[in-house]
Amino acid sequence: MLKEIGRGLMTTFKMMLERPVTIQYPEQKRPVRTRYRGRHILRRYENGLERCIGCALCAAACPADAIFVEAAENTDEERYSPGERYASTYEINMLRCIFCGFCEDACPTEAIVLGDNYELSFTDRAQAIYTKEMLLEPVPPGGQPTPQKTPPGVYTRAVPEMEDPKD
Amino acid sequence: MSKMVTLTIDGIKVTVPEGTLLVDAARQAGIHIPVFCYHPKLEPAGMCRMCLVEIGRPMIDRNTGQPILDENGQPKLQFLGKLETACTNTVSEGMVVFTQSEKARQGQKATVEFLLTSHPLDCPICDKGGECPLQDLTMAYGPAQSRFEYEDKIHLAKHVPLGDLIYLDRERCILCSRCIRFQAELVGEAVLTFDERGRSSQIVTVSDPPFDSVFSGNTTDICPVGALTTADFRFGARPWELKAAASICSQCAVGCNIVYNTRREARSDGRIVIKRVLPRQNEEVNDLWICDKGRFGYHYTESRARLTAPRAEGRPVSWEQALQKAAEGLRSASQKALIASGRLSNEDLYTLKRLADHLQMPAYLYTPIGGGEWVRRYGLSTGSDLSALGKGDAILVVASDLYEEAPLWYLRVRQAAERGAALIIAHPRTTRLERQAPHQYVLRYAYGDEGEIIERLRREAKIAQTLHEARNLVIFFGNEGMGLEQSESLAAACADLLVETGHAGRIHNGLIGVWPHPNAQGAWELGFQPIFDLQPLFETMDALYLVALDPFGDGWVRQNGRKPFLIVQDILETATVRQADVVLAACAYTEREGTFTSGERRVQRYYPAVPRYGDSRPDFAITAALGAKLGLNLEAQSAARLFQEIAGAFPAFKGLDYARLAETRPQWPPTGRADYPFSGTAQPNTQGMGKILSAVAEGTMTPLPPTMQKESLRPEEGTLLLVPIHRLFDAGSLLTPSALLHGRIGAPHIILHPKTAQEAGVTAGEKVLIEWEDRQAEALVKVEEHVPVGVGLVPRSMGIPLSRAARARLHLAERVR
């Protein structure tokens, strides 16, 4: 019996010598893993055009019905994305979202990705709905904000090039 | 009965009539052979090569004519060296077909890959994506990977407008020619065709204006790829996001079965709105088709001018106050009347009629065309079906331009004529029906001679003989150039002709009124009296209850000092609503349920598609609430219970049941998700095909009064006779909210013969001032050859208030100024 007690205390004494695992959040933050699935980000191309083409495949893939997309047509005077079509409304209800990442898988242009941000808090339901402006990443350096005025004949593809999904 | 043939498809024994195409026979056995260019309503073309199958035919001994047997006693089969198309081969006795064999699958896979060599694969942004046969069949039969890089593919124009309603994407087109064949074979106007050859082939429109057809929207339904899409639905939503509600088209009296696709929309402040209209299969009414007016004209239900709350003296008030004021107005008036239009449901009209009877005031139906009394007695009866007409039958179309007034009836009459029915057209000018349908006889009469049409038909020996000998006779009558009274007497004469030729009171026989409203026939059945000229009523009555009509906006009623107490019940803010003392806000028919009675007397149900707008209420509920204030107890909640009351009260409705109106019957071709490649995206009918009313005159025939002869004007030397005609796209308050159609509607115009225009000193495109009786209006001049000399055609509901033929003078608008 003493042997068992001794073995138990042994663990206790060992732990007293180790550094605590608790960190002082929010002053201290631990980096997330590379494949962590946090709040979504809508990405842009280097020139600032949005990757999202408003195809609503993310909304179709979403098991929680958290995404709402409405599309409209690009023109050279007012261009949001390289193709014919862009998302005029893009909303994610973060209360519904289960962060499964299916939207990321479904996206043909790799426009929506799940980011690192896990700090989501709301004080009412309306706040939980993230709009396109909130989700879009900032315009990269050297890029232009959307809508852009583009020369005719440059963006003739209906959809931008789609890559084979690689891990 | 044709000979039956038995064959084996994928091991399943199938027995079908001789001459059946293999692809149809397989579908009847539940086997889906993949197709792109084949469509069950069109002639086979064999363009896409998707339906490749292995076909074995029994070898026949030439000497005995008997099949050669192998050692097992089975007929020896002979296979062609290569695959054959199932859409062009008809069945034969003993045929053995493999649709899924290794060889067939290889052929199908190669075909898909070949079709995709120049397809852009832009499914994520394509409006067809999700209901696209090419997408579905590629998933089912095609290779998983494309061997063609995007840069190697042919790149063509992706946004070509074919007319203002349809867009063509040349990259997506697989050249199946379904759209070309639909226009040429079914509609009879070859406005689309192939241009160039080989790899450069493309679809072009050869008409001016481009894609000049009122059936253009249907090509987007049967297009097996996303090459043809509508401008209305462009990037509107993905198909899988849409909810569907069965309904009936409200734009004319045909009663086409449709589906409203709806979706909640951020653009419309989060309301649920209609995104598009699709045809709903009803082989007895509209097959798989609808016209462009029905497809694109729904926008009025969500117009900004919708009434959201009741009003009194121009200010919004509560329902209680509005109803109280309306009831007081009706109670205190000694001379009062109720006027309703054919836009209301049977239930609304029944409730209104009960209220009118209770208050002892007349109940009028506001209609430019009369004679419904005769259609009620001599119309089609239970079991009739226009698609049953064919060889040996006769169809008479009098004073109606069916193409412009009821496009689906044009289509059905044309199809019946193609099947061999004798088509007789009596019209003062050449209509599209005459140009595009195989007709037997044309009776050309002058405007003003409408009273003699039927008499002249009797005198023409050949026509009279055809009419007498016809197994079935259906008569369509319109009111080209006629006022209410003249069209009434024309209807009576037509009914007389039906009786005289022995066709009255029989199935597949009868009179059809080409009404401009969806439920005018319902009003006739429920005992409303026709009226069109409302000016006398406005001058003599103390109170008027107007439901779903806009006589001020149409220009029929002119403001003078005296105005009766006006109660107006409508869905839109019209000129009449602005004149009203009390406004009762009704909800659109898309927001409630009810029934319409079509021109062929078919009672059909429609269902709510979107939520009610603001504080509006169904018409029958408003009338019932008003009745309650006036001491009349009416059903205010349930359209079903009201319909049961109608069925109990009116002999023609006897035996009809609201719930059983939702019954359907098996139909060919099959429709639905799995059959999108086969028959297009027309929706299956699961919510009711409707039922035709029973004949009132069955057994006992009501004696007809002698045909009334009404005086009408004739064209004379040196004068201009103005004649009102119907155009499909008019400037009525229900069509103008559809911005997409403004190009088709155009400006107010007058159509003249070149000679008439020359005499009047005007040329095409000039603005003229027309003066007739004590009225005047401005219009643009159009010059067309088919107009009789000395006549000016003026479309109705286009801002020129002309209700019947009138003598007129033309001036150049500039000269007047």
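Rules and cut-offs
Every chain begins its residue count from 1, and numbering advances along the sequence as written. Each chain is given a letter, starting from A, and each ligand a number, starting from 1, according to the order in which they appear as written. With the structure being a predicted model, the display of local features is reserved for residues of pLDDT at least 70 and the display and counting of side-chain atom pairs for 80 or more, all residues being used for whole-chain, interface and lining totals. Processing note: side-chain calculations cover all non-hydrogen atoms of the structure and skip hydrogens and water entirely. Counting from the N terminus, the helices are DSSP H or I runs at least four residues long and the strands are E runs at least two residues long. Each radius of gyration reported is based on C-alpha atoms, and the globular scaling rule is 2.2 Å times the count of residues to the power 0.38. Method remark: on a 1 Å grid restricted to protein atoms, a set of points is classed as a cavity if a 1.4 Å probe fits but cannot get out and as a pocket if it is open with protein on both sides within 12 Å along at least five of seven lines; lining residues have an atom within 4 Å of a point. Grid points are joined across faces, edges and corners, and a volume is the space filled by probe spheres set on the points. Gly counts as polar in this scheme, as do all residues outside two lists: the nonpolar Ala, Val, Leu, Ile, Met, Phe, Trp, Tyr, Cys and Pro, and the charged Asp, Glu, Lys and Arg. Among buried residues, the Ala, Val, Leu, Ile, Met, Phe, Trp, Tyr and Cys ones that are joined through side-chain atoms within 4.5 Å form a nonpolar core. Residue burial is assigned from relative accessible area. The probe radius is 1.4 Å, only protein chains are included, and a residue is buried under 20% of its type maximum, exposed over 50%, and partly exposed in between. We call two residues contacting when some pair of their heavy atoms lies within 4.5 Å. Values labelled buried area give the accessible surface lost by two parts on being combined, using a 1.4 Å probe and summing over both. We define a salt bridge as a side-chain nitrogen of Lys or Arg found within 4 Å of a carboxyl oxygen belonging to Asp or Glu. Two strands pair under a simple rule: DSSP has to find at least two bridges between them. Angles here are taken between N-to-C directions and fall from 0 to 180 degrees, while the axes themselves are lines fitted to C-alpha atoms, restricted in helices to the stretch in contact. Paired rings are identified among Phe, Tyr and Trp, the last through its six-membered ring, by centres lying within 6.5 Å, and are further divided according to the angle between planes into stacked (under 30 degrees), edge-to-face (over 60) and tilted (the rest). Charge-over-ring placement is defined geometrically: NZ (Lys) or CZ (Arg) within 6 Å of the ring centre, and within 35 degrees of the ring normal. The predictor rates its confidence in each residue with pLDDT, a number between 0 and 100. Throughout the structure description, domain borders are defined by an automatic or database domain assignment. Each polar contact in these results corresponds to two N or O atoms within 3.5 Å; when the atoms are within protein, one needs to be able to donate a hydrogen and the other to accept it, and residues that are neighboring in sequence are counted only if both atoms are side-chain atoms.

## Re the overall build of chain A
Part 1: Within chain A, the regular secondary structure consists of four helices and five strands.
Part 2: Going from the N terminus to the C terminus, chain A shows its helices and strands as α-β-α-β-β-α-β-β-α.
Part 3: Here chain A has a C-alpha radius of gyration of 23 Å; the compact-globule value for 167 residues is 15 Å, and the former is much larger.
Part 4: With respect to the three principal axes, the spread of C-alpha positions in chain A is 85 × 35 × 30 Å.

## Regarding the layout of surface pockets
All names here are of chain B.
Part 1: Each pocket or cavity is described by its volume, and for the second largest pocket that value is around 820 Å³.
Part 2: For the second largest pocket, the lining is made up of 35 residues, of which Asp212, Glu404, Arg432, Arg727 and Lys782 are closest to its centre.
Part 3: Going through the elements one at a time, α10 (402-405), α12 (432-436), α23 (742-745), β32 (749-752) and β34 (775-783) are the ones with two or more residues in the lining of the second largest pocket.
Part 4: Of the residues that constitute the lining of the second largest pocket, the class distribution is 14 nonpolar, nine polar and 12 charged.

## Things to note about the nonpolar core
All names here are of chain B.
Part 1: Within the largest apolar cluster, 208 residues are counted, with the highest numbers of intra-cluster contacts made by Ile339, Trp409, Phe476, Phe528 and Phe653.
Part 2: Per element, the largest residue contribution to this core is nine residues, and it comes from helix α15 (residues 484-500).
Part 3: Beyond its immediate chain neighbours, meaning those up to four positions away, Ile339 contacts Tyr364, Tyr366, Ile531, Leu534, Leu537, Leu544, Tyr545, Leu546, Val547 and Leu549.
Part 4: One finds Val5, Val23, Ile33 and Val91 within the second-largest nonpolar core, a separate group that totals 23 residues.

## Notes on the interface of chain B and chain A
In many reports, interface size means the accessible area that the parts give up when they come together.
Part 1: Every contact between the two is made by 20 residues of chain B and, on the other side, 22 residues of chain A.
Part 2: Surface buried jointly by chain B and chain A totals about 1,800 Å² across both partners, of which 54% is contributed by carbon and sulfur atoms.
Part 3: Looking only at chain B, the three residues that lose the most surface to chain A are Pro124, Ile125 and Phe235 of chain B, adding up to 32% of its buried area.
Part 4: Put simply, chain B and chain A have five salt bridges between them.
Part 5: When the shortest N-O distance is used, the salt bridge between Glu70 of chain A and Arg267 of chain B registers 3.6 Å.

## Here's the deal with the pairing of strand β13 (residues 257-264) of chain B
All names here are of chain B.
Part 1: Burial of β13 is extensive: seven of the eight residues sit out of reach of the surface.
Part 2: The pairing of strand β12 (residues 243-248) with β13 spans six bridges and is antiparallel. Bridge pairing links Ala244 to Asn261 in β13.
Part 3: Here β13 pairs with strand β14 (residues 272-279) via seven bridges, running antiparallel. Paired with Asn261 across the bridge in β14 is Arg276.

## A look at the sheet that holds strand β31 (residues 720-725) of chain B
All names here are of chain B.
Part 1: One closed barrel holds the six strands; their spatial order is β31-β35-β32-β34-β33-β36, and the pairing between them is mixed. Averaged over all pairs of adjacent strands, the angle between their axes in this sheet comes to 45°, without regard to strand direction.
Part 2: With three bridges joining them, β31 and strand β36 (residues 806-812) adopt antiparallel strand pairing. Each residue of the ladder has a partner; that of Leu720, found in β36, is Ala808.

## As for the packing of aromatic side chains
Part 1: Scanning the model with the defined rule gives 24 aromatic pairs over all chains in all.
Part 2: For the pair Phe79 of chain B and Phe98 of chain B, a centre-to-centre distance of 6.1 Å together with 20° between the ring planes defines the contact as stacked. One end of the pair, Phe79 of chain B, is in strand β4 (residues 77-79); the other, Phe98 of chain B, is in strand β6 (residues 96-98), and 19 residues separate them in sequence.
Part 3: We classify Phe79 of chain B as partly exposed; its relative accessible area is 35%.
Part 4: Three or more aromatic residues joined by ring pairs form one cluster here, namely Tyr350, Phe643, Phe650, Phe653 and Tyr658 of chain B.
Part 5: Over the face of the ring belonging to Tyr150 of chain B we find Arg157 of chain A, whose NZ or CZ atom lies 3.4 Å from the ring centre.
Part 6: The aromatic ring of Trp374 of chain B is capped on one face by Arg377 of chain B, whose charged end is 4.8 Å from the ring centroid.

## Digging into the confidence of the model for chain A
Part 1: Taken as a whole, chain A shows an average pLDDT of 92; of its residues, 98% reach a score of 70 or greater.
Part 2: Ranking the elements of chain A by mean pLDDT puts helix α1 (residues 2-17) of chain A last, at 92, and helix α2 (residues 57-61) of chain A first, at 97.

## Thoughts on the domain arrangement of chain B
Residues and elements named next belong to chain B.
Part 1: The domain architecture assigned to chain B consists of domain 1 (4-100), domain 2 (151-302), domain 3 (311-367 + 524-665 + 685-692), domain 4 (372-514) and domain 5 (720-816).
Part 2: Facing the 11 residues of domain 1 at the interface are 16 residues of domain 2.
Part 3: In total, domain 1 and domain 2 occlude about 1,100 Å² of area from one another, counting both sides; carbon and sulfur atoms represent 61% of this.
Part 4: When the buried surface of domain 1 facing domain 2 is broken down by residue, Phe36, Lys41 and Leu42 rank first, second and third, together holding 52% of it.
Part 5: With a closest N to O distance of 2.6 Å, Lys41 and Glu283 form a salt bridge.
Part 6: The interface formed by domain 1 and domain 2 holds six residue pairs in polar contact (both at pLDDT 80 or more) in total.
Part 7: Grouping the amino acids of the side of domain 1 that touches domain 2 by side-chain chemistry returns eight nonpolar, one polar and two charged.

## Thoughts on the pattern of salt bridges
Close approach of charged atoms allows side chains of opposite charge to pair.
Part 1: Evaluated as defined, the whole model comprises 59 salt bridges over all chains.
Part 2: One salt bridge in this structure joins Arg234 of chain B and Glu84 of chain A, with 2.8 Å as the shortest N-O distance. Separated into two different chains, Arg234 of chain B in the loop between β11 (228-230) and β12 and Glu84 of chain A in the loop between β2 (67-73) and β3 (85-93) make up a pair that spans both.
Part 3: Judged by relative accessible area, Arg234 of chain B falls into the buried class, the value being 15%.
Part 4: The closest approach of N and O atoms between Glu778 of chain B and Lys767 of chain B, which form a salt bridge, is 3.7 Å. Of this pair, Glu778 of chain B sits in strand β34 while Lys767 of chain B is found in strand β33 (residues 767-772), placing the two residues 11 residues apart along the sequence.
Part 5: Looking at Glu778 of chain B, the relative accessible area reads 33%, which means it is partly exposed.
Part 6: Here the residues in one salt-bridge network are Asp122, Lys158, Asp169, Glu171 and Arg172 of chain B, joined through shared partners.

## Concerning the sheet that holds strand β24 (residues 529-531) of chain B
Residue and element names in this part refer to chain B.
Part 1: Reading across the sheet, the eight strands line up as β16-β15-β27-β26-β25-β17-β18-β24 and stay open at both edges, with mixed pairing between neighbours. This sheet does not close on itself; its edge strands, each paired only once, are β16 (315-316) and β24.
Part 2: Of the strand pairs in this sheet, strand β15 (residues 311-312) and β16 are connected by two bridges, and their pairing is antiparallel. Across the sheet, residue Ala312 finds its bridge partner in β16, namely Arg315.
Part 3: Across the sheet, helix α8 (residues 346-358) touches β17 (336-340), β18 (363-366) and β25 (543-547), and the angle it forms with β17 is around 170°.

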